[in-house]
Amino acid sequence: MDVNNQRIWHILPLFVLILLLNTSALAQRGFYARDTSLYSGIKINMSNKITNALQCTIDLRDSLLTFSPDEIRSYGIQNGEIYVSKKVEYNGIEQAYFLERLINGPTKLYFLATKTGKTYFVERDSTLFVELKKNDDSKTVIYKKQLHEITSDFPEIADQINFVNYNRAALTRFFNDYNQRLDRPFPHIRFGALAAWENTRLIVSEKYIEPAYQLVNDKQESSFAVGLFADIPIMTTYFSLHTEAILVKHAFSYFEEADSKGIDFVANITSLKIPVLLRYTFVTRKISPFVNAGGVLAYNFKKNGDAYVTSFNNDIVKINTAYNQSLFSDFQSGIAAGLGLEYHLNARHSLFLELRYNKFLKKESIQTIDNSDLQVITSINF
């Protein structure tokens, strides 16, 4: 047997194993129902959405049994996808499909995928069964108008329709809220402006031995800051990616006299701080608490600082610069965490109040002065 054949025989068992694993993953325990009978605990071969809409395939070990939407009422897998047979008119053709049921309640939501496109259907008892179309023949968006009509008996949810996109996640979330009569804000992208009060505490590295720097260790100064923010929801959950650009300027000035010496420290820093945070909002109708956690980057694009030691010896005054290099890094990185409240002015606008702590990481390899921040942030979205 040559080398190539040996390689084939070594690879073949692995290939067969992978094939068996994939096959077992496709066949899952589920059920199918006829008009008067229900068969459960059987293996169903799930495929892509288009194939699932056209047929139900049962795995009988030795063979496969396939049903069309005209032959059974429904099928599905345990704690998973459920398909219901419905005769619908789609693209001008009436045909039976297995529609994937996304919401089961007083008002049901179905999804259909075909080779020509994707669409949704809404059903309410025997009084309503309608296709939820994204556009009409003139390409005008109409599904939001349909949502207003379908949910007219619960007008409190009407303001949220503006933020509902034409996709599975958004429509599922919307009809779930509608069925439960939940009047709560719908996740959407928000941009806004902020103002903050920031208290900065200086932290001197242990590498500094000059008294001038030990003087400023643990000193604090406060200042006001302004900035912009963006809050981007993750899917239709109440997790969001929250980022800001905050401009802040701090001035430090300290003097201390001891042992015939005077120590002066003067510094000015202008920084752009960019936190990138994961936010979770505990949504209520009017006031929603939230928590933030993530990283923060500071760019100190304007910075100057000097420390002087003045010696007094018999009428002779001698001034020395304690350190003539940059006292602060150009870039600082750290971690941030905060908690706050969101006050919903209306469906689109909110006021925010947050208490946040930034801890910038020490750079022990270089001699710079670090800091940590305590911020009180107020903001409003546009």
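**Q** Can you tell me about the overall build of the chain, naming the residues and giving the values?
**A** Within the chain, the secondary structure is distributed over 5 helices and 19 strands. Counting across all 382 residues of the chain, residues that qualify as buried make up 41%. The contacts of the chain with a sequence gap of at least 6 include a subset with a gap of at least 24, amounting to 57%. Summed over its atoms, the accessible surface of the chain is roughly 21,400 Å², and 56% of this surface lies on carbon and sulfur atoms.

**Q** Talk me through the pairing of strand E5 (residues 74-77); I want residue IDs and the actual numbers.
**A** Both faces of E5 are covered, namely the face carrying Ser74 and Gly76 and the face carrying Tyr75 and Ile77. What sits between the antiparallel neighbours E5 and strand E6 (residues 82-90) is a turn of 4 residues, in which Asn79 has the positive phi angle 55 degrees.

**Q** Describe the side chain of Glu244, naming the residues involved and giving the relevant values.
**A** Position of Glu244 among the secondary structure elements: in strand E13 (residues 239-258). Classification of Glu244 as buried rests on a relative accessible area of 4%. In this structure the side chain of Glu244 is engaged in a polar contact, spanning 2.9 Å, whose partner is the side chain of His242. At 2.7 Å, the side chain of Glu244 and the side chain of Arg356 are in polar contact. If we ignore the near neighbours within four places in the chain, the residues touching Glu244 are Leu194, Leu228, Phe229, Lys273, Ile274, Pro275, Arg356 and Ile377.

**Q** Can you lay out the nonpolar core for me, pointing to particular residues and giving the numbers?
**A** Core analysis: the largest hydrophobic core is formed by 23 residues, its most contacted members being Leu109, Tyr120, Leu132, Leu147, Leu171, Phe174 and Phe175. Mapped onto this core, the elements with two or more residues apiece are strand E7 (93-103), strand E8 (107-114), strand E9 (117-124), helix H3 (143-150) and helix H4 (168-180). Looking at this core, the element that brings in the most residues is H4, giving 5 residues. For Phe174, the residues in contact, after removing those within four places along its chain, are Leu147, Thr151, Ile157, Ile161, Val164 and Phe186. Among the nonpolar cores identified, the runner-up in size contains 15 residues, and Tyr213, Phe252, Ile269 and Ile369 belong to it.

**Q** Tell me about unusual backbone geometry, residues and numbers included.
**A** Phi at Asp125 is positive, roughly 45 degrees, even though this residue is not glycine. Looking at the secondary structure, you find Asp125 in the loop between E9 and strand E10 (128-132).

**Q** How would you summarise the pattern of salt bridges if you had to cite specific residues and measurements?
**A** Applying the stated criterion to the full structure yields 17 salt bridges. Lys86 is the salt-bridge partner of Glu123, the closest N and O atoms lying 2.9 Å from each other. Here Glu123, found in strand E9, pairs with Lys86, found in strand E6; they are 37 residues apart in sequence, far enough to count as distant. Residue Asp177 pairs with Arg184 through a salt bridge whose shortest N-O separation is 2.7 Å. In this structure Arg184 comes out as partly exposed when scored by relative accessible area, which is 23%. Taken together, the shared-partner salt bridges connect Lys49, Glu81, Glu100 and Arg168 into one network.

**Q** Explain H4 residue by residue, including any values.
**A** For H4, spanning 13 residues, the distance from its first C-alpha to its last is 18 Å, which sits close to the expected 18 Å at 1.5 Å a residue. Every buried residue of H4 is listed here: Ala170, Leu171, Arg173, Phe174, Phe175, Asp177, Tyr178 and Asn179. Along its buried surface, H4 packs onto E7, E8, E9, E10 and H3. Taking the backbone nitrogen of Ala169 as reference, a side-chain oxygen 3.3 Å away marks Asn167 as the first, capping residue of H4. Looking at the residues trailing H4, positive phi occurs at Arg181, about 55 degrees.

**Q** Give a description of the environment of Ile335 that names residues and reports values.
**A** In this fold, Ile335 is placed in strand E17 (residues 331-344). Counting along the chain gives 25 residues from Ile335 to Phe360, while the straight-line C-alpha distance between them is 6.5 Å. When residues no more than four places from it in sequence are discounted, the contact partners of Ile335 are Gly294, Gly295, Val296, Tyr357, Asn358 and Lys359.

**Q** If you had to explain the environment of Pro185 to someone new, which residues and values would you point to?
**A** In this fold, Pro185 is placed in the loop between H4 and strand E11 (190-204). In this structure the C-alpha to C-alpha distance between Pro185 and Val283, which are 98 residues apart in sequence, comes to 7.4 Å. Every residue in contact with Pro185, bar those within four places of it in the chain, is listed here: Gln160, Arg173, Tyr238, Val283, Thr284 and His344.

**Q** Talk me through the pairing of strand E19 (residues 369-381); I want residue IDs and the actual numbers.
**A** Remember that side chains alternate between the two faces of the sheet whenever the strand is regular. As paired strands, E11 and E19 are joined by 13 bridges and run antiparallel to one another. Directly across from Arg201, in E19, lies its bridge partner Ser372. When strand E18 (residues 350-360) meets E19, the two strands line up antiparallel, connected through 9 bridges. Counterpart to Asn358 in the pairing with E19 is Asp373.

**Q** I'd like a description of the packing of aromatic side chains, backed by residues and values.
**A** All chains considered together, the criterion is met by 18 aromatic pairs. Counting every residue linked through ring pairs, the aromatic cluster contains Phe111, Tyr120, Tyr143 and Tyr166. Directly above the aromatic system of Phe290 lies the positively charged group of Arg279, at a separation of 3.9 Å from the ring centroid.

**Q** Describe the side chain of Gln146, naming the residues involved and giving the relevant values.
**A** Position of Gln146 among the secondary structure elements: in helix H3. Here Glu131 takes part through its backbone oxygen, which lies 2.9 Å from a polar atom of the side chain of Gln146. Each residue touching Gln146, except ones within four places of it in the same chain, is listed here: Val130, Glu131, Leu132 and Lys133.

**Q** Can you break down the confidence of the model for the chain residue by residue, with the values?
**A** Averaged over all residues, the pLDDT of the chain equals 87, while 85% of them reach at least 70. Of the regions scoring below 50 in pLDDT, residues 16-25 engages in 0 contacts with residues more than four places distant in sequence or in other chains.

What counts, and where the lines are drawn
Residues numbered from 1 in each chain as written. Predicted model: local features only at pLDDT ≥ 70, side-chain atom pairs only at ≥ 80, totals over all residues. Heavy atoms only, no water. Helix = DSSP H or I, 4+ residues; strand = E, 2+ residues; numbered from the N terminus. Buried < 20%, exposed > 50% of the residue type's maximum accessible area, 1.4 Å probe, protein only. Contact = heavy atoms within 4.5 Å. Areas by Shrake-Rupley, 256 points an atom, 1.4 Å probe, with all protein chains shown as cover. Pairing = 2+ DSSP bridges. Polar contact = N/O pair within 3.5 Å; in protein donor to acceptor, adjacent residues only side chain to side chain. Core = buried A, V, L, I, M, F, W, Y, C linked by side-chain atoms within 4.5 Å. Salt bridge = Lys/Arg side-chain N within 4 Å of Asp/Glu carboxyl O. Expected span 1.5 Å × (residues − 1). Phe/Tyr/Trp six-rings, centres within 6.5 Å; stacked < 30°, edge-to-face > 60°. Lys NZ or Arg CZ within 6 Å of the ring centre and 35° of its normal. pLDDT = per-residue confidence, 0-100.

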